[in-house]
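Residues per chain are reported as follows:
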2 protein chains.
Amino acid sequence: MMELTRKGEYAIRGIVYLAKQSPGKVILVSEVAEATGVPQTFLAKIFQSFAKLGLVNSFRGTGGGFLLGRPAAKITLRQVVEAVEGPIIPNRCLSDEGNCGRTSECTVHPVWRRIQEEIAAILDGVTLEDLAKGKKSL
Amino acid sequence: MMELTRKGEYAIRGIVYLAKQSPGKVILVSEVAEATGVPQTFLAKIFQSFAKLGLVNSFRGTGGGFLLGRPAAKITLRQVVEAVEGPIIPNRCLSDEGNCGRTSECTVHPVWRRIQEEIAAILDGVTLEDLAKGKKSL
DNA sequence: GGTAAAAAAGACAAAAACGGTCTTAAAGGG
DNA sequence: CCCTTTAAGACCGTTTTTGTCTTTTTTACC
Ligand code: SF4
Ligand code: SF4
């Protein structure tokens, strides 16, 4: 239940690898893919979506590649996860569309809201800097 | 991300409906299905798996139906969810098989473990009695 | 015993999500 | 112009989800 997809796992591995590089260094997606054990074309797709959101910057052509879009300390794990998996929604009644009509009187609904908040808070509390430097964030 | 399936949602709705009945009363799956807005045959499957785990008791034939297998206060939301969705595994490295080989040195792994523990704790803290009686459990 | 009422069990299947690949285009360096 | 590298999007096989349908078994009641 509630399992991160491979896309999400790959996304984290890939961007954490970038965060471990010296700031400003441009890295090839092929290098990241090999180092992290992620299928290259799949990782390329993931990085493209990161680029759209500004999480990473990209350069094309010879000498191109990827690097973080802002300092590792300013990127949270939540931002990374939500970039590829969408918002954290433990149950559909927490999304705008998924209203089941019972939300107001439902006694279960607040439980899911609480879980949503807890997960979000944990992921908000971890930055790429923490992950890259191996900080004991717990 | 991390969304409860419809099966899980239906399971909760169905068993909470049972928990709202006066103890000992036998209820038809057709009644539960109608009251909760769940497809009857699907709910029947769910209740069958509940029965195997002892979460509910069932009686066949005329006058048959379902009732809780033990007092509502002794059934947690976690037990219900895990009965139909399996264990709470936010990332595959938390399952026995899903070992990615980096678990020991990975800095992300502890984050998922923490999330797993938090979700489990929240769901452990809510019983069917709470849900049936509308207790403000948060 | 016969019949009707229910759950149990399991096969079946459409639709969606997942986990990628492949091709083509665009941009940049030399 | 040619090579490298990312961008964009079509495509596709597999698995999971979300059920349905049929048959069997159990039980109550007449
Ligand atoms: S938890 Fe309650 S509000 Fe949310 S989908 Fe289920 S019944 Fe509806
Ligand atoms: S979080 Fe770390 S240990 Fe878990 S699957 Fe990802 S790389 Fe492996």
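That block above? That's the structure.
Values in this document were obtained by computation on a predicted structure and should not be read as measured data.

## What to know about the interface of chain B and chain A
Now for step 1: Contacts between the two partners involve 39 residues from chain B, matched on the other side by 39 residues from chain A.
Now for step 2: When the two sides are added together, the surface that chain B and chain A hide from each other amounts to roughly 3700 Å², 64% of it contributed by carbon and sulfur.
Now for step 3: Counting every contact that joins chain B to chain A gives two salt bridges.
Now for step 4: In this structure, the salt-bridge partner of Arg92(A) is Glu3(B), at a minimum N-O distance of 3.6 Å.
Now for step 5: At the level of elements, α1 (6–20), α2 (29–36), α4 (77–85) and α5 (109–124) of chain B are the ones that each hand at least two residues to the side of chain B that touches chain A.

## Considering the pairing of strand β1 (residues 56–59) of chain B
Residue and element names in this part refer to chain B.
Now for step 1: By the bridge criterion, four bridges tie β1 to strand β2 (residues 65–68) in an arrangement that is antiparallel. Looking across to β2, one finds that Val 56 is bridged to Leu 68.
Now for step 2: Counting the residues that bridge the hairpin from β1 to β2 gives five residues, and of these Gly 61 lies at a positive phi of roughly 75 degrees.

## Observations concerning the site of ligand 2
Now for step 1: Close to ligand 2 lie Glu9(A), Arg13(A), Asn91(B), Cys93(B), Cys100(B), Arg102(B), Thr103(B), Cys106(B), Val108(B), His109(B) and Trp112(B), which account for all nearby residues.
Now for step 2: Near ligand 2, the surrounding residues belong to chains A and B.
Now for step 3: Of all the elements in the fold, those that place two or more residues in the shell around ligand 2 are α1 (6–20) of chain A together with α5 of chain B.
Now for step 4: Partitioning the shell around ligand 2 into residue classes produces five nonpolar, three polar and three charged.

Conventions and cut-offs
- Residues numbered from 1 in each chain as written.
- Chains lettered and ligands numbered in written order.
- Predicted model: local features only at pLDDT ≥ 70, side-chain atom pairs only at ≥ 80, totals over all residues.
- Heavy atoms only, no water.
- Contact = heavy atoms within 4.5 Å.
- Buried area = accessible area lost by both parts, 1.4 Å probe.
- Salt bridge = Lys/Arg side-chain N within 4 Å of Asp/Glu carboxyl O.
- Helix = DSSP H or I, 4+ residues; strand = E, 2+ residues; numbered from the N terminus.
- Pairing = 2+ DSSP bridges.
- Near = heavy atom within 4 Å.
- Nonpolar A, V, L, I, M, F, W, Y, C, P; charged D, E, K, R; others polar.

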